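Secondary and tertiary structure notes
If you want the building blocks of each chain, they are given just below.
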Amino acid sequence: GLPAALPALPLELTVPPHSLLFTMGASDSAIKAPPGEGIRQGLLRVLEACAPPGQDLSTEELWQKVLREVTVEELQAPLHRLGALPPPWWLAASRLGSTAGLFRLLSNAEDPGTPPCSKGENELLSLLKAWQVPAEEASLPLVQSAEDLKEILCTTAAFLQGLQEMEAGNFPSALSLLQEAARGFCSKKDLAQIYTCLGSPPQRMGKPQTALQHLKRALQVDFQCLPALSHVAAVYHELTETEPPLQALALLYEALEKKPPAAASSSPHFLIRTELLVHTPILASLLRHRHPSEVKYLLAQRCLQDGRVADAVEHYLDFLALLQEGLQQQVPLDGDSPLPRIPEVFLEAASALEQAGRHQDAITLCEEVISRTTDLIPRMLRVEERLQQPECPSPGAGLSQQKESLCCLAWRAAGYLHQGWAWATLGESKEAITQFSRCLGELLRVQIYGTGVEPTENLLPEVEVLQKIRLLSLIGRGTQFLELGKHKEALLDFQHSLQISPGDPSAAPYLVQALWKLDRKQEAAAQWQKFSRSPPREEGQGRCAGR
């Protein structure tokens with residue numbers, strides 16, 4: 001209730017900064033709230049003592065009035081220190097325009113002739129760097145100096161804008177801003193995170209070696225920055241390297257299992273820090289910590305893809321053991337998780353077991369998938385062959401249920417397909433034919449109707465997978481008919497497979513063999529010539545090849 005007095009105002013204006021600094025330092029969630037009335041009241045007190053009041057003015061208008069009309073030398077430094085307090089909240093809320101506007105006012109108050117930033121230069125960073133920090137007074141020390149706060153704001157502004165440019169797809173600009181942030185003032189933890197983010201733009205620009213340099217720099221700064229190690233494995237995998245990504249994943253799994261204590265920052269502790277101000281979805285995605293089970297699955301999958309069958313089997317069995325411990329409750333299966341649906345993991349593990357010669361174990365795993373999906377598929381399922389673009393949006397519950405039924409059908413059919421292969425390898429041709437026939441019988445549940453349009457760009461992925469399973473089952477059953485000397489039955493299966501997928505040459509050699517066995521040698525020769533003239537099919541062609 002005391003009237004504002006000019007001699008006491010410098011001391012009075014230190015109260016809002018300290019209050020806000022301690023509020024932010026006490027709770028990370030405080031950055032989400034506006035700075036409150038403390039700063040506004042401080043400005044009104046200054047106007048009360050030195051100029052006409054401005055009760056009805058907005059905060060920005062108050063700043064304009066105070067900086068334009070209050071010329072008392074003793075108040076310039078306290079006002080500038082007070083002006084450095086709203087930007088942390090604004091940056092945390094991505095209000096870059098408000099931040100730039102305030103520092104434009106502060107710069108103009110110091111030097112009205114300050115030129116605008118040059119073309120191509122980042123305006124906000126230019127304004128922050130141009131701001132002349134007031135000298136600290138020994139009699140009125142702040143808990144966090146304005147100079148330190150300026151440096152943190154510069155780092156935060158560069159970091160935040162770099163992430164925004166990355167999200168917008170402007171990777172060269174993102175790279176430049178993130179490099180600026182890496183040269184700024186921050187803790188080792190923050191610096192390692194910035195270098196981790198620096199790995200993303202060059203990776204997307206087709207420069208994996210540059211990405212690796214930034215990611216390795218992140219690990220040199222802070223080896224406990226495990227997201228960087230995860231990205232290293234991903235980049236090496238894109239380079240089709242074999243050993244380095246597996247080593248990186250093994251190190252990552254070992255580090256996650258040990259669960260080391262959080263590393264203490266080697267930088268002085270500040271109440272306002274970069275890590276408290278930058279919280280964006282893209283940063284959360286880049287710095288996402290993998291669950292140990294996700295890394296274990298990636299190890300299993302990469303070993304299987306690289307032909308390290310024994311290692312793949314070991315990792316898959318470890319992963320399946322983790323499933324028994326309630327993994328589904330521990331790991332959110334969101335868009336960033338590498339984990340597929342559980343039946344697909346079982347089928348991948350069955351494939352690894354088959355390649356390792358453990359056919360009975362593979363059959364058992366597939367039986368688990370088959371038994372669990374028995375009651376999840378309707379007797380008949382009618383689906384469109386291609387994606388349709390509805391004129392009006394409609395509720396997607398029916399489409400989602402249909403897709404789930406298709407997935408269950410694909411898993412169940414694939415289980416029978418794997419069992420057929422396993423029995424065939426064991427020399428049990430009759431049992432193999434039974435499983436291949438069951439697979440084909442399952443696929444009869446679905447009625448696929450199409451538009452008659454030839455291009456396959458809009459083909460539903462599930463329909464494409466089902467067609468591939470049907471093709472492989474027909475070829476598998478046909479080869480077993482050949483083993484049993486049933487050449488006519490084999491020929492029918494091979495002919496049917498070519499009708500399903502005319503461009504796939506998988507069945508062509510078997511068709512030639514069946515015709516030759518039936519003493520239809522001229523037809524066999526013609527088919528062989530046709531097969532020889534056809535262009536080679538690229539390995540992995542089609543979206544379903546990976547699955």
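Definitions and limits used
Residues numbered from 1 in each chain as written. Predicted model: local features only at pLDDT ≥ 70, side-chain atom pairs only at ≥ 80, totals over all residues. Heavy atoms only, no water. Helix = DSSP H or I, 4+ residues; strand = E, 2+ residues; numbered from the N terminus. Buried < 20%, exposed > 50% of the residue type's maximum accessible area, 1.4 Å probe, protein only. Areas by Shrake-Rupley, 256 points an atom, 1.4 Å probe, with all protein chains shown as cover. pLDDT = per-residue confidence, 0-100. Contact = heavy atoms within 4.5 Å. Lys, Arg positive; Asp, Glu negative; His and termini not counted. Salt bridge = Lys/Arg side-chain N within 4 Å of Asp/Glu carboxyl O. Polar contact = N/O pair within 3.5 Å; in protein donor to acceptor, adjacent residues only side chain to side chain. Phe/Tyr/Trp six-rings, centres within 6.5 Å; stacked < 30°, edge-to-face > 60°. Core = buried A, V, L, I, M, F, W, Y, C linked by side-chain atoms within 4.5 Å. Domains from an automatic or database assignment. Expected span 1.5 Å × (residues − 1). Axes fitted to C-alpha atoms, helices over the stretch in contact; angles between N-to-C directions. Parallel < 35°, antiparallel > 145°, perpendicular 65-115°, else oblique. Nonpolar A, V, L, I, M, F, W, Y, C, P; charged D, E, K, R; others polar.

1. A closer look at the overall build of the protein
Scanning the protein from terminus to terminus reveals 28 helices and two strands. Here the protein, with 547 residues, has 48% of them falling under the buried criterion. Of the roughly 28,000 Å² of accessible surface on the protein, 52% is carried by carbon and sulfur atoms.

2. Some words on the confidence of the model for the protein
Residues with a pLDDT of 70 or more make up 82% of the protein, whose mean pLDDT is 81. Note on residues 389-397: pLDDT is under 50 here. Beyond four places in sequence and across chains, it has zero contacts. Here residues 451-458 scores under 50 on pLDDT; set against residues more than four positions off or in separate chains, the count is eleven contacts.

3. Some details on unusual backbone geometry
Residues apart from glycine generally show negative phi values, whereas peptide bonds are mostly found in trans. For serine 94, which is not glycine, the phi dihedral falls at a positive 60°. Of note, serine 94 is situated in the loop between helix H6 (86-92) and helix H7 (96-110).

4. A short note on the side chain of arginine 302
As for its placement among the helices and strands, arginine 302 is situated in helix H18 (residues 292-305). One buried charged residue, arginine 302, forms no salt bridge at all, with the nearest opposite charge on aspartate 306 at 7.1 Å. What arginine 302 contacts, discounting residues up to four positions off in sequence, is Ala233, His237, Leu246 and Leu249.

5. A short note on the side chain of glutamate 344
Note on placement: glutamate 344 falls in helix H21 (residues 342-355). For glutamate 344, a relative accessible area of 16% gives the class buried. Only 3.3 Å separates the side chain of glutamate 344 from the side chain of tryptophan 411, close enough to count as a polar contact.

6. With respect to the packing of aromatic side chains
Enumeration according to the criterion identifies five aromatic pairs in this entry. The interplanar angle of 75° and the centroid separation of 6.4 Å between the aromatic rings of tyrosine 297 and tyrosine 316 together place this pair among those described as edge-to-face. In this pair, tyrosine 297 is assigned in helix H18 and tyrosine 316 in helix H19 (residues 309-324), connecting sequence segments 19 residues apart. Plain terms: the ring middles of tryptophan 528 and phenylalanine 531 are 5.5 Å apart, the flat faces sit at 55° to each other, and that makes the pair tilted.

7. Considerations on the nonpolar core
In terms of nonpolar packing, the biggest core is built from 140 residues, with Phe159, Leu163, Met166, Tyr316 and Ile469 touching the most fellow members. Here this core gets twelve residues from one element, more than from any other, and that element is helix H23 (residues 397-425). The residues that make up this core include at least three from each of domain 1 (1-111 + 122-131) and domain 2 (144-261 + 270-290). When near neighbours in sequence (up to four residues on either side) are disregarded, methionine 166 contacts Phe171, Ala174, Leu178, Cys197, Ser200, Pro201, Arg204, Ile282 and Leu286. Listed in part, the eleven residues of the second largest apolar core include Leu482, Phe494, Leu511 and Ala524.

8. Examining H21
In this model, H21 (14 residues) spans 20 Å end to end at C-alpha, consistent with the 20 Å of a helix rising 1.5 Å per residue. Counting buried positions over the 14 residues of H21 gives twelve, a clear majority of the element. Within the span of H21, buried status applies to Pro343, Glu344, Val345, Phe346, Leu347, Glu348, Ala349, Ala350, Ser351, Ala352, Leu353 and Glu354. Within two residues after H21, glycine 357 carries a phi angle of roughly 85°, on the positive side.

9. Quick look at the pattern of salt bridges
According to the stated counting rule, one finds 20 salt bridges in the structure shown. Notably, a salt bridge pairs glutamate 275 with lysine 189, separated by 3.8 Å at the nearest N-O pair. Taken together, the positions of glutamate 275 in helix H16 (residues 274-277) and lysine 189 in helix H11 (residues 188-198) put the pair 86 residues apart, joining distant regions of the chain. Classification of glutamate 275 by relative accessible area gives partly exposed; the value is 25%. Between aspartate 361 and arginine 358 there is a salt bridge, with the nearest N and O atoms lying 3.0 Å from each other. Three or more residues joined by partner-sharing salt bridges are found here, namely Glu12, Arg45 and Glu48.

10. Focus: the packing of helix H8 (residues 123-130) against helix H9 (residues 146-167)
In the contact formed by H8 and H9, the axes pass within 10 Å of each other and the chain directions differ by 175°. Accordingly, the angle class assigned to the pair H8 and H9 is roughly antiparallel. On H9, the residues touching Leu124, Leu125, Leu128 and Lys129 of H8 are Lys150, Leu153, Cys154, Ala157, Ala158 and Gln161. Residues of the contact of H8 with H9, tallied by class, amount to seven nonpolar, one polar and two charged.

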